[in-house]
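Here is how the chains run, residue by residue.
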Amino acid sequence: LTGVLDDCLCDIESIDDFNTFKIFPKIQKLQERDYFRYYKVNLKRPCPFWADDGHCSIKDCHVEPCPESKIPVGIKAGSSNKYSKAANNSKELEDCEQANKLGAVNSTLSNQSKEAFIDWARYDDSQDHFCELDDERSPDAQYVDLLLNPERYTGYKGPSAWRVWNSIYEENCFKPRSVYRPLNPLAPSRGGDDGESFYTWLEGLCLEKRVFYNLISGLHASINLHLCANYLLEETWGKPRWGPNVKEFTRRFDPIETKGEGPRRLKNLYFLYLIELRALSKVAPYFERSVVDLYTGNGHEDAESKALLLDIFRDTKSFHMHFDEKSMFAGDKKGAKSLKEEFRLHFKNISRIMDCVGCDKCRLWGKLQTQGLGTALKILFSEKEIQSLPENSPSKGFQLTRQEIVALVNAFGRLSTSIRELQNFKVLLQQTR
C-alpha cells in the first residue's frame, strides 16, 4: 500500500512512520496502566435482532471467571501485603491460570481493585451519544482485565460470524439491498459482477455516508488483522503457540485472492486510524484540565498515567495531515442535522449488533472497539462544547464516562497495533517470496 487516501490529504507512508516511531510505543505503555486495562462489560446481553443461535463452544471463546477462593491472597491484599510476591508464586495462582484455560476471559479482581472501581463510578457522569452503553449497574456486567484476555484468533467463524457482519453492512451502511458488497458469501450469485457496481454506487454517495462505510470497513479490516497476527499456530502438549499467520493474512488481504478488495480494506483501516487520531487531538482540552484525574486511588500512578496520555495528545496534535471533519454535515442546517441524527442512529444500531456475536472473546473486543469509535465520533461532533469547558468544574455540556475513555484509548491502541502488524506482514511476505 502506498499513496494518498481517499477523502483526505494524507499518504500512507507518513502514517506508518508517525505510528511506528511516535504513537505505538506510548499507547502500548498506556494500555498497561490500571486505569485503562480494566473494562466493564456485559457479555450476557441477549441479541436484540434474531434468536440466539448458540454460543461458540471452542474453549478460546469462553468466559471462565476464576472462583473467589482461588484468587491469591497477595492479590486480594494488594501491594501493602509484604508477602504478595510469595503469594503470587503460590500453587493457588497456577490453579487459577489452569481454570482460565487458553483464552478465557478472566474477570477476577482483588478487593482493593473493587473499592477503586466504586470510587471510579462516582467520577463518571453518563451521557451516551453514538453507542448503546452497557448498564454498569447490571449484575451481569463484570470488569475484565484486557491484558489477560488479548484479542486473537479463537476459531469463531462460519454462518454465525458472517451474519453479524452481513447485518452491519447490509442494514446499517445506507445501502440499497440491490447493491451487493464484494465477496459477501451470503449474497446470491452475481454472475460476472466483480463488485465494481458496489463501488460505483459508493462513489455516488455524499461524503458522510461514504465515510460511514469506510469506517466500518476499516474496523472490520483491523479486527481481521489482529486475528491473522495473533493466530493459534500449534498446540503441543497443551502449550499453545500464537503468532502471525501469513497464509491467513494472504487469504484475507491479497489483491489476487480478494479480487482487488484487500488493499481497499487496508486503506479503510488507515482512514479509520486518521479519524480516531483526529478525535484524540480534539479531546485533549477535556483531559488537560486539572479537574480531570485518571483516578484509581493510587495518586502516583494516576499522575503518571495522565502525563503519558497528555504526551500522546501532544504527538497527535503534531501530526500535520489530519482528516478535516468540518467538511462533514456542512450543508444546509436542517438537512445536516437530519443526516447527523441518521448517522448516529445507524452507528448506535451497530453497537447493539455486537451483542449478537456468539464468541465471548470476540464480543468483548467487538464491543470495546465499536464503543471506542462511537466515542471518537461523539468527540468530533462536540467541538464547541469541548472548547467551552470550565477549567475547575465538571462539564454539563460534554462529559466522558470512564467506560468511554477506556474504550477510546484501547480502540485506538488496536488500530495502532494493526498498522504495526501490517509492517511485520510486509517483512514476512518478502521473506517467503
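These numbers come from a predicted model, not from an experiment.

> Explain the pairing of strand β1 (residues 38–42) to me, please; I cannot follow it from the model alone.
Working note: regular strand, side chains alternate between the two faces of the sheet. Burial within β1 is extensive, with five of its five residues counted as buried. Burial of the side chains of β1 extends over both faces: Tyr38, Lys40 and Asn42 are buried on one face and Tyr39 and Val41 on the other. Pairing of β1 with strand β2 (residues 141–145) involves five bridges; the strand directions are antiparallel. Looking at the pairing, lysine 40 lines up with tyrosine 143 of β2.

> I'm lost on the packing of helix α7 (residues 159–172) against helix α9 (residues 207–229) in this one. Help?
Packed helices, taken two at a time, are described by the angle between their axes plus the distance between the axes. The N-to-C vectors of α7 and α9 enclose an angle of 170°; their axes lie 11 Å apart at closest approach. Taken together, the axes of α7 and α9 are roughly antiparallel relative to one another. Between α7 and α9, the contacting residues are Trp165, Ile168, Tyr169 and Asn172 on the first element and Phe212, Tyr213, Ile216, Ser217, His220 and Ile223 on the second. When the residues that make up the contact of α7 with α9 are grouped by side-chain class, the tally is seven nonpolar, three polar and no charged.

> I'm lost on the UniProt feature "binding site: FAD" (unreviewed entry) in the protein in this one. Help?
Feature annotation in UniProt assigns "binding site: FAD" (unreviewed entry) to the following positions: Arg152, Thr154, Trp165, Ser217, His220 and Arg252. Filtering the just-named annotated residues for those lining the second largest pocket gives Arg152, Trp165, Ser217, His220 and Arg252. For serine 217, the location among the structural elements is in helix α9. Residue contacts for serine 217: discarding those within four places in its chain leaves Tyr169, Arg265 and Asn268. Examined against the element boundaries, arginine 252 turns out to sit in helix α10 (residues 246–253). When its relative accessible area of 16% is taken as the criterion, arginine 252 is described as buried. Engagement of the side chain of arginine 252 in a polar contact is seen with the side chain of asparagine 224, the distance being 2.4 Å.

> Sorry if this is basic, but what is going on with the state of the cysteines here?
Joining two cysteines, a disulfide is a covalent bond between their sulfur atoms. According to the stated counting rule, one finds one disulfide in the structure shown. For cysteine 47, the disulfide goes to cysteine 356, at an S-S distance of 2.0 Å. Across the S-S bond of cysteine 47 and cysteine 356 the torsion is about 75°, and the bridge reads as right-handed. Placement of cysteine 47 in the loop between β1 and α3 (73–77) and of cysteine 356 in the loop between α13 (333–353) and α14 (360–380) is noted, with a sequence separation of 309 residues between them. Here cysteine 47 and cysteine 356 have matching classes, each one buried.

> Just checking my understanding: could you explain the pattern of salt bridges for this structure?
Pairs may arise between side chains of opposite charge once their charged atoms sit close together. Tallying each qualifying case throughout the model produces 18 salt bridges. A salt bridge links lysine 367 to aspartate 355; the shortest N-O distance between them is 2.6 Å. Here the residue lysine 367 occupies a position in helix α14, and aspartate 355 occupies one in the loop between α13 and α14, the gap between them amounting to twelve residues. Per residue, the accessibility class of lysine 367 equals that of aspartate 355, and both read buried.

> Just checking my understanding: could you explain the UniProt feature "active site" (unreviewed entry) in the protein for this structure?
In this structure's numbering, the residues bearing the UniProt feature "active site" (unreviewed entry) are Cys359 and Cys362. Those annotated residues lining the second largest pocket are, specifically, Cys362. Note that cysteine 362 resides in helix α14. A residue is classified by how much of its surface remains accessible, and cysteine 362, at 23% relative accessible area, is partly exposed. Ignoring anything within four residues of it in the chain, the contact list for cysteine 362 reads Thr154, Tyr156 and Val357.

> Got a minute to help me understand the packing of α9 against α10 in this structure?
Contact pair α9 / α10: the axes reach a minimum separation of 9 Å and the direction vectors enclose 160°. Classified by the angle their axes make, α9 and α10 are roughly antiparallel. Considering how the two elements wind past one another, α9 and α10 form a crossing that is right-handed. Residues Ala221, Asn224, Leu225 and Cys228 of α9 touch α10, and the partners they reach there are Glu248, Phe249, Arg252 and Phe253.

Reading the values: the criteria
Residues numbered from 1 in each chain as written. Predicted model: local features only at pLDDT ≥ 70, side-chain atom pairs only at ≥ 80, totals over all residues. Heavy atoms only, no water. Buried < 20%, exposed > 50% of the residue type's maximum accessible area, 1.4 Å probe, protein only. Helix = DSSP H or I, 4+ residues; strand = E, 2+ residues; numbered from the N terminus. Pairing = 2+ DSSP bridges. Axes fitted to C-alpha atoms, helices over the stretch in contact; angles between N-to-C directions. Parallel < 35°, antiparallel > 145°, perpendicular 65-115°, else oblique. Contact = heavy atoms within 4.5 Å. Nonpolar A, V, L, I, M, F, W, Y, C, P; charged D, E, K, R; others polar. UniProt positions renumbered as here; feature names shortened; annotations may be inferred. 1 Å grid on protein atoms, 1.4 Å probe; cavity = no way out; pocket = protein on both sides within 12 Å on 5 of 7 lines; lining within 4 Å. Polar contact = N/O pair within 3.5 Å; in protein donor to acceptor, adjacent residues only side chain to side chain. Disulfide = S-S within 2.5 Å. Salt bridge = Lys/Arg side-chain N within 4 Å of Asp/Glu carboxyl O. Left-handed = near helix turned anticlockwise from the far one by under 90°.

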